[in-house]
Amino acid sequence: MAQKVSVAVLYNQVGEDEYELMRKQAPKELDFKPEFRMDVATVEEEIMALVKGLRTAGFRAYAVNVNDRFDLLYQTLSRRSPDAVFNLIEFFNDDPRQEYMVAALYELLRIPYTGAPPYTLALCQRKASTKHLLLANGIRTPRFKVMEPGPLPRRHGLRYPLIVKPAREDASAGIDNASVVDSLDRMHERVQYVWKEFSQPALVEEFIDGRELNVSIIGNHPPKVLPIGEMVFTDLPPHLHNIVSFDAKWNPQHEAYHKMYTKCPAELPKKVEQRVRDIALAAYTLLGCRDYARVDIRLSKKHQIYVLEVNPNPDLTEGVAFMESAKKGGMSFSATLARIVEFALRRTPKALPERTTALRNHYR
Ligand SMILES: Nc1ncnc2c1ncn2[C@@H]1O[C@H](COP(=O)(O)OP(=O)(O)O)[C@@H](O)[C@H]1O
Ligand SMILES: [Mg+2]
């Protein structure tokens, strides 16, 4: 029997898992009725589910937590020589800005890996650069200003309400109810908050009041749009803005977590849906996404389509955004994972040049 293809699922988790900690604490008194489970899977459990899915698909899959250690990362790649890496590493040296460098290492070692190349990972993390590129290519994105630490402008030319976000974070970090502002003073306060808490510029954007869509895309030459998902805000209490705040996304002890839900497929007029699909695909291609990605979109009340951001290598948790769309598109969890690995395997480089082999042996 042919040997199974080996897949190393690489991830980086340092310290104790937050959901693990939450399990250990006494349950908090809640002043609302929870809709969803309070017990959320830990990172490790999610990784194991993914490994299981890959094994079901016939791969020899194993997980490695590189624990923010370069030696461990390097040894896994050089000694175990996996046929492919399933790349779930989102930061290195405690720094999300080094995410793309890890992909560059696979590249230098010529190991096929899933998902976006270094250039795309680096670019999409810089939301303002991404937006400039989108605009230059005729793709609408909310009007914005980047505010670097220093004197704050009194004039900015943007129309309230605005939303203030860290310019280089993801997963709703730094997004809460106070992110949406309707005066210069509030905006200044929030910009200063971002500088202080995130040590990076603030991105101030016009707030697009409307529906929010997640467009998941899979594949290459050509990529394919999966059924579109919608974040539904209608049950959110009136004191909360219609946004995917950090709490809404991650905190089961917060009301927003239970009052926001997703609907897939989203019900959209045919023409609007087609335009959303075309725009998401254009953004995917323009930014160099590969294998799988999710484009976050807002649809204004006048049906204007705004790309908020593009997420290369989005979350692959079963039942969440990307995987839910894949399921609605007729692909099981394990079949979707298998396809992603197959995209990577198709990029298997020919024999290594001598110099790279020598380097690998040196460190072995
Ligand atoms: N310009 C905007 N108008 C309306 N809502 C926004 C805007 N920008 C961000 N949001 C809200 O904040 C959430 C997180 O913003 P996003 O830019 O997608 O950053 P992240 O990388 O943290 O997901 C979005 O899902 C959306 O609900
Ligand atoms: Mg987003």
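Residues numbered from 1 in each chain as written. Chains lettered and ligands numbered in written order. Predicted model: local features only at pLDDT ≥ 70, side-chain atom pairs only at ≥ 80, totals over all residues. Heavy atoms only, no water.

So, about a negative patch on the surface. A contiguous patch of negative charge, built from Glu46, Glu90, Asp170 and Asp315, is present on the exposed surface. Here Asp315 shows up in the loop between strand E13 (305-312) and helix H11 (321-328). (Patch = residues over 30% accessible without salt bridge, like charges linked within 9 Å, V, L, I, M, F, W, Y side chains within 5 Å. Areas by Shrake-Rupley, 256 points an atom, 1.4 Å probe, with all protein chains shown as cover. Salt bridge = Lys/Arg side-chain N within 4 Å of Asp/Glu carboxyl O. Lys, Arg positive; Asp, Glu negative; His and termini not counted. Charge placed at Lys NZ, Arg CZ, Asp CG, Glu CD. Helix = DSSP H or I, 4+ residues; strand = E, 2+ residues; numbered from the N terminus.)

Below, the discussion takes up the sheet that holds strand E1 (residues 6-11). With parallel pairing, the three strands of this open sheet are ordered in space as E2-E1-E3. Each having just a single partner strand, strand E2 (60-65) and strand E3 (84-87) make up the two edges of the open sheet. Strand-to-strand twist across the sheet, computed as the mean angle between neighbouring axes with direction ignored, equals 25°. Here four bridges tie E1 to E3, and the two strands are oriented parallel to one another. Across the sheet, Ala8 pairs through a bridge with Val85, a residue of E3. (Pairing = 2+ DSSP bridges. Axes fitted to C-alpha atoms, helices over the stretch in contact; angles between N-to-C directions.)

On to the layout of surface pockets. Reported here for the second largest pocket is a volume of approximately 350 Å³. Forming the boundary of the second largest pocket are 14 residues, of which Arg159, Glu206, Phe207, Ile208 and Tyr306 lie nearest the centre. Among the residues making up the lining of the second largest pocket, the classes are represented as six nonpolar, two polar and six charged. (1 Å grid on protein atoms, 1.4 Å probe; cavity = no way out; pocket = protein on both sides within 12 Å on 5 of 7 lines; lining within 4 Å. Points joined across faces, edges and corners; volume = space filled by probe spheres on them. Nonpolar A, V, L, I, M, F, W, Y, C, P; charged D, E, K, R; others polar.)

Right, let's talk about the site of ligand 1 for a bit. The environment of ligand 1 is made up of 20 residues, and the closest members are Lys127, Lys165, Ser172, Glu205 and Glu212. One nitrogen or oxygen atom from the main chain of Glu206 is found 3.0 Å from a nitrogen atom belonging to ligand 1. Against a free-state accessible area of 540 Å², the protein chains account for coverage of 98% of ligand 1. For the shell around ligand 1, the secondary-structure elements that each account for two or more residues are strand E5 (162-166), strand E7 (202-206), strand E12 (292-300) and E13. Considered class by class, the residues forming the shell around ligand 1 number nine nonpolar, one polar and ten charged. (Near = heavy atom within 4 Å. Polar contact = N/O pair within 3.5 Å; in protein donor to acceptor, adjacent residues only side chain to side chain.)

The step from Tyr160 to Pro161 runs through a cis peptide bond, and the omega angle for that step is -5°. Among the structural elements, Pro161 can be located in the loop between strand E4 (144-147) and E5. Residues Cys264 and Pro265 are joined by a peptide bond in cis, for which omega reads 0°. Although it is not a glycine, Asp68 sits at a positive phi angle of roughly 60°. With respect to the helices and strands, the residue Asp68 is situated in the loop between E2 and helix H3 (70-79). The residue Arg110 is not glycine, and still its phi comes out positive at about 60°.

Around the magnesium ion (ligand 2), the protein supplies Asp296 (OD) and Glu309 (OE) as donor atoms, at distances of 1.9 to 2.2 Å. Of the two residues, Asp296 sits in strand E12 while Glu309 sits in strand E13, which places them 13 residues apart along the sequence. Given the relative accessible area of 14%, Glu309 is considered buried. (Donors = N, O, S within 2.8 Å, 3.2 Å for Na, K, Ca; no water. Buried < 20%, exposed > 50% of the residue type's maximum accessible area, 1.4 Å probe, protein only.)

How two helices sit against one another is set out by the angle between their axes and by the gap between those axes. Following both chains from N to C, one finds helix H5 (residues 118-125) and helix H6 (residues 127-136) inclined at 100°, their axes separated by 5 Å at the closest point. Taken together, H5 and H6 sit at an angle that is classed as roughly perpendicular. Counting all contacts with H5, which are made through Tyr119, Leu123, Cys124 and Gln125, the residues of H6 involved are Lys127, Ser129, Thr130 and Leu133. Split by residue class, the contact of H5 with H6 holds four nonpolar, three polar and one charged. (Parallel < 35°, antiparallel > 145°, perpendicular 65-115°, else oblique. Contact = heavy atoms within 4.5 Å.)

For H3, every residue scored as buried is listed here: Leu73, Tyr74, Thr76, Leu77 and Ser78. Following H3 by one or two positions, Ser81 adopts a phi angle in the positive range, close to 35°.

Side chains Gly229 and Met231 project from strand E10 (residues 229-232) onto one buried face, and the interleaved Glu230 and Val232 project onto a second face that is buried too. When strand E8 (residues 210-218) meets E10, the two strands line up antiparallel, connected through three bridges. Paired with Leu213 across the strands is Glu230, a residue of E10. Pairing analysis gives three bridges linking E10 to strand E11 (residues 261-263), with the strands arranged antiparallel. By the bridge assignment for E11, Glu230 is matched with Lys263.

Moving on to the sheet that holds strand E6 (residues 180-181). Where strands meet in a sheet, backbone hydrogen bonds hold them as pairs that are either parallel or antiparallel. Pairing within the open sheet is antiparallel, and its four strands lie in the order E4-E7-E5-E6. Each edge of the sheet is formed by a strand with only one pairing partner; in this case those strands are E4 and E6. Where H6 meets the sheet, its contacts fall on E4 and E7, and the angle it forms with E4 comes to roughly 150°. In the packing of helix H7 (residues 184-198) onto the sheet, contacts are made with E4, E5, E6 and E7, and the angle to E5 comes to roughly 10°.

A separate point is the state of the cysteines. Applying the stated rule across the entire model yields zero disulfides. Cys124 takes part in no disulfide bond, and the closest cysteine sulfur to it belongs to Cys289, at a distance of 4.9 Å. Residue classification places Cys124 among the buried residues on the basis of a relative accessible area of 6%. Since its relative accessible area comes to 9%, Cys289 is described here as buried. (Disulfide = S-S within 2.5 Å.)

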